[in-house]
Amino acid sequence: MRLLLMSDTHLPTRARELPPRLMAELPLADVVVHAGDWVDTATLDLLEERARRLVAVHGNNDGPELRARLPEVARAELDGLRLGVVHETGAARGREPRCAERFPDLDVLVFGHSHIPWDTTTGTGLRLLNPGSPTDRRRQPHCTYMTATVADGRLTGLTLHRLPPRAAHRGDADGTG
């Protein structure tokens, strides 16, 4: 089972659309995971229409329409893997023990908010993943997303994909993506 992980798309405020490389991954994914901060409902509509399965949450920048359609925390069992999704996990310092305590029933927790790619494992074995943002790199060198494979209850083949710089547009005056 192939996963496509993204967060913090912030459309249309940080980009006009999802990057073509990310869109090319959609038909390859069995499950698309979005960890919140969509900003617009059109992106949710698009992913609901094109994804085979969508596991998603709302973020702190998502308004009432998105909050009405998406939970704060989502959970899914994927071929024996217990996956959770949440937008915010708090400060980086203390994240592992805090998440292990809050989500003792999960194998993997996907989160967003910081736009900083993250991959760690807690002392209890909970894997924490932040795919970064495919549209708003903030202080990171690249916009990013992740893909992975799930088989027999295990997450394997995790890849962080760095997107090439895009042409300058409003809200990204230097054009570095």
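Structure: above.
From a predicted model like this one, the values you see are computed outputs, not experimental measurements.

(A) Fine view of the overall build of the protein. Summing up its helical and strand segments, the protein has four helices and ten strands in all. Listing every helix and strand of the protein by position from the N terminus yields β-α-β-α-β-α-β-β-α-β-β-β-β-β. At 15 Å, the protein has a C-alpha radius of gyration in line with the 16 Å of a compact globule built from 177 residues. If you line up the protein on its principal axes, its C-alpha atoms span 45 × 35 × 35 Å. Counting over 177 residues, the protein shows a buried share of 49%. Summarising the internal contacts of the protein: among those between residues at least 6 apart in sequence, 55% fall at separations of at least 24. Total accessible area on the protein stands at roughly 8200 Å², and carbon and sulfur atoms take up 51% of it. Looking at the protein, you have 23 positive and 24 negative side-chain charges, and the mean spots of the two groups are 5 Å apart.

(B) Seen up close, the side chain of Thr-43. Here Thr-43 lies in helix H2 (residues 41–50). According to the relative accessible area criterion, Thr-43 is buried, its value standing at 4%. A polar contact of 2.6 Å, which involves the side chain of Thr-43, links it to the side chain of Asp-40.

(C) Representation of the pairing of strand E8 (residues 127–130) in the model. In this sheet, E8 lies alongside strand E6 (residues 108–110) in parallel orientation, the contact comprising three bridges. Looking across to E8, one finds that Val-108 is bridged to Arg-127. The sheet contact formed by strand E7 (residues 118–121) and E8 spans four bridges and is antiparallel. In the strand pairing of E8, Thr-120 is matched with Leu-128. In this structure, the hairpin formed by E7 and E8 is closed by a connection of five residues, where Gly-125 is found at a positive phi of approximately 100 degrees.

(D) Structural view of H2. Taken as a whole, H2 has its buried residues at Thr-43, Leu-44 and Leu-47. The buried side chains of H2 occupy one side of the element, clustering within an arc of 100 degrees when seen end-on. Looking at the buried positions of H2, the neighbouring elements they touch are strand E1 (2–6), strand E2 (31–34), strand E3 (54–56) and helix H3 (64–69).

(E) View of the pattern of salt bridges. Inspection of the entire model under this criterion finds nine salt bridges. Here Glu-25 and Arg-2 are joined by a salt bridge, their closest N and O atoms 2.6 Å apart. Of this pair, Glu-25 sits in helix H1 (residues 20–25) while Arg-2 sits in strand E1, and the two are 23 residues apart along the sequence. Across the pair Asp-119 and Arg-127 runs a salt bridge whose closest N-O atoms are separated by 2.8 Å. Residue Arg-127 is classed as partly exposed on the basis of its relative accessible area of 21%.

What counts as what
- Residues numbered from 1 in each chain as written.
- Predicted model: local features only at pLDDT ≥ 70, side-chain atom pairs only at ≥ 80, totals over all residues.
- Heavy atoms only, no water.
- Helix = DSSP H or I, 4+ residues; strand = E, 2+ residues; numbered from the N terminus.
- Rg over C-alpha atoms; globule rule 2.2 N^0.38 Å.
- Buried < 20%, exposed > 50% of the residue type's maximum accessible area, 1.4 Å probe, protein only.
- Contact = heavy atoms within 4.5 Å.
- Areas by Shrake-Rupley, 256 points an atom, 1.4 Å probe, with all protein chains shown as cover.
- Lys, Arg positive; Asp, Glu negative; His and termini not counted.
- Charge placed at Lys NZ, Arg CZ, Asp CG, Glu CD.
- Polar contact = N/O pair within 3.5 Å; in protein donor to acceptor, adjacent residues only side chain to side chain.
- Pairing = 2+ DSSP bridges.
- Arc of directions from axis to C-beta.
- Salt bridge = Lys/Arg side-chain N within 4 Å of Asp/Glu carboxyl O.

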